[in-house]
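# Remarks on the overall topology
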Amino acid sequence: MSAQESAGRPASVPLLDVARGNAPLQTEFVAALETVLDSGRFVFGPEVFELEKQIAAASHAKYGVSCASGSDALLLALMAYDIGPGDEVIVPSFTFFATASAVWRLGAKPVFADIDPVTFNIDPAAIAAVVTPNTKAIIPVHLFGQAADMTSINAIAAAHDLWVIEDACQAILAEYDGQPVGSIGDVGCFSFYPTKNLGGMGDGGMMTTNDEEFAAKLRLYRGHGMEPRYYHSVVGVNSRLDTFQAATLLVKMPKLAQWTDMRRENAARYGELFQTAGMDECVILPAEYPEHKHAWNQYTIRVPQGRRDALRKHLADHKIGSEIYYPVPLHQQACFASMGEHASLVETEKAALEVLSLPIFPELTAAEQRYVVEAVDKFYSTIQKKAVA
Ligand SMILES: *Cc1c(COP(=O)(O)O)cnc(C)c1O
């Protein structure tokens, strides 16, 4: 039992506390970093290639190609498919900005599709409705750690000859019908940003694929399109995962499965606690499909009836961290206004008004979770008292 638990009520609950996961590994981190320092191989040291192998294996993909960030992974995948002006790429609007900005940056058009309200993931029917002869690819996002409907998405892609680029940045080790994300589409994109389930000590990213030729192309594009040295067949970029990041990520890799299980246990505990408190009638809990494996990067509830912001403030008053992923859908972002009017995306716009992500990190304690659920309970009992009075 932690000191906090034995003291009864936690003084505060952070949305995420990376230090709790990192602290027990301190000695290993220092040793790994020292090895890199001594080697002097700060770029493309052996740790980088070892991590590529391990991430590929974890995703059941044949090849892993590292890069500087998850955003770059998406950009490089699109570049390697020669996507550019005149091309359309179907993306969700309810996602992190990078999913669409990668498309935009190459002069192609991000075409936004609505989500399934239960999973928050891109809705295959909405994808099918916006396919045109210019469509080249689909980027399904495995949002919050839950795999998108890949069977339907792959079927649409096969019917129209489209690439499927999985944005798996939030979903490492998540599974769809027993298959890990990153090897279900044509290419998988991962991020090692510190808040992701496998978080580094800075930025980092990885692409995974089963296609040997395409893996070589990804390597070419991440290294200035240079092969051999000082000969450039294409215009690539400089996007490398540095050896220090790879070394720290390798220290974390053996823990990743256990950390994912801990997130899953926390999600199950929230479910029980909310149900016991009768709170599942006030807020809508996130759904997990038993045939797929959710990696729970976020535990995202829906707070209906316009009460989300008030509940968030109530939690903040109780020193409980929460976050809104994402408050403004991408089709409503100012930077995309020049694309002209977007068709309204009903479920996306509704989700943006209702979602609230609660603490779910692996080391979160049961006492902290009880405190979170009690605080939500208190919020609703205050409302009911007001309603009666
Ligand atoms: C984090 C994230 C990215 C971008 O990853 P970075 O490493 O921060 O560049 C892309 N897509 C999604 C869905 C993400 O959550």
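Model, not experiment: these values are computed from the prediction. (Residues numbered from 1 in each chain as written. Predicted model: local features only at pLDDT ≥ 70, side-chain atom pairs only at ≥ 80, totals over all residues. Heavy atoms only, no water.)

## So, a nonpolar patch on the surface
- Taken together, Leu 37, Phe 42 and Val 43 make up a surface patch of nonpolar side chains, about 270 Å² in accessible area.
- Following the sequence through the fold, Val 43 ends up in the loop between α3 (26-39) and α4 (46-58).
- In this structure Val 43 comes out as partly exposed when scored by relative accessible area, which is 46%. (Patch = residues over 30% accessible without salt bridge, like charges linked within 9 Å, V, L, I, M, F, W, Y side chains within 5 Å. Areas by Shrake-Rupley, 256 points an atom, 1.4 Å probe, with all protein chains shown as cover. Salt bridge = Lys/Arg side-chain N within 4 Å of Asp/Glu carboxyl O. Helix = DSSP H or I, 4+ residues; strand = E, 2+ residues; numbered from the N terminus. Buried < 20%, exposed > 50% of the residue type's maximum accessible area, 1.4 Å probe, protein only.)

## Considering the packing of helix α5 (residues 70-80) against helix α9 (residues 212-222)
- Contact pair α5 / α9: the axes reach a minimum separation of 9 Å and the direction vectors enclose 115°. Every pair of crossing elements has a handedness; the one defined by α5 and α9 is right-handed. Side by side, α5 and α9 meet where Leu 76, Ala 77, Met 79 and Ala 80 of the first sit next to Phe 214, Lys 217, Leu 218, Tyr 221 and Arg 222 of the second.
- A class-by-class count of the residues in the contact of α5 with α9 yields 7 nonpolar, no polar and 2 charged. (Axes fitted to C-alpha atoms, helices over the stretch in contact; angles between N-to-C directions. Left-handed = near helix turned anticlockwise from the far one by under 90°. Contact = heavy atoms within 4.5 Å. Nonpolar A, V, L, I, M, F, W, Y, C, P; charged D, E, K, R; others polar.)

## Focus on the domain arrangement of the protein chain
- Domain annotation of the protein chain identifies domain 1 (23-253) and domain 2 (255-388).
- For domain 1 versus domain 2, the distance between C-alpha centres works out to 26 Å.
- Counting residues at the interface gives 40 residues for domain 1, matched by 36 residues for domain 2.
- Here domain 1 meets domain 2 over a buried area of about 3,400 Å², counting both sides, of which 64% is carbon and sulfur.
- For the domain 1 face of the interface with domain 2, the top three residues by lost area are Phe 94, Phe 144 and Asn 197, together amounting to 20%.
- Here domain 1 is connected to domain 2 by 0 salt bridges. (Domains from an automatic or database assignment. Buried area = accessible area lost by both parts, 1.4 Å probe.)

## A look at the nonpolar core
- Counting residues in each nonpolar core, the largest one holds 39 residues, and the members touching the most others are Phe 94, Tyr 270, Phe 274, Tyr 299, Ile 301, Leu 358 and Tyr 380.
- When residues of this core are traced back to their parent elements, those giving at least two are α11 (256-276), β10 (299-302), α12 (308-317), α13 (346-354), β11 (355-358) and α14 (366-388).
- Looking at this core, the element that brings in the most residues is α14, giving 8 residues.
- When we break this core down by domain, the ones giving at least three residues each are domain 1 (23-253) and domain 2 (255-388).
- In contact with Ile 301, other than residues within four places in its own chain, are Val 283, Ile 284, Leu 285, Pro 286, Leu 311, Glu 354, Val 355, Leu 356 and Leu 358.
- In terms of nonpolar packing, the next biggest core, distinct from the first, is built from 38 residues, Ala 148, Ile 153, Leu 241 and Met 253 among them. (Core = buried A, V, L, I, M, F, W, Y, C linked by side-chain atoms within 4.5 Å.)

## Focus: the environment of Tyr 176
- As for its position among the elements, Tyr 176 is in strand β6 (residues 175-176).
- The sequence separation of Tyr 176 and Ser 357 amounts to 181 residues, and the corresponding C-alpha distance is 23 Å.
- Filtering out sequence-adjacent residues up to four positions away, Tyr 176 remains in contact with Ala 147, Ala 148, Asp 149, Met 150, Thr 151, Ile 184 and His 292.

## Quick word on the packing of aromatic side chains
- Tallied over the full model, the rule gives 17 aromatic pairs.
- An angle of 20° between the planes, with centres 5.5 Å apart, marks the rings of Phe 42 and Phe 244 as stacked. Of this pair, Phe 42 sits in the loop between α3 and α4 while Phe 244 sits in helix α10 (residues 243-252), and the two are 202 residues apart along the sequence.
- Here Phe 42 falls in the partly exposed class, since its relative accessible area comes to 36%. (Phe/Tyr/Trp six-rings, centres within 6.5 Å; stacked < 30°, edge-to-face > 60°.)

## A closer look at the pattern of salt bridges
- With the rule as written, the count across this model stands at 12 salt bridges.
- Measuring nitrogen to oxygen at the nearest pair gives 2.9 Å for the salt bridge that ties Arg 20 to Asp 17.
- The closest approach of N and O atoms between Arg 312 and Glu 323, which form a salt bridge, is 3.6 Å. Taken together, the positions of Arg 312 in helix α12 and Glu 323 in the loop between α12 and α13 put the pair 11 residues apart, joining distant regions of the chain.
- The class for Arg 312 is partly exposed, based on a relative accessible area of 26%.
- Glu 323 gets classed as partly exposed once you look at its relative accessible area, which sits at 28%.
- Taken together, the salt bridges that share partners define one network made up of Asp 17, Arg 20 and Glu 368.

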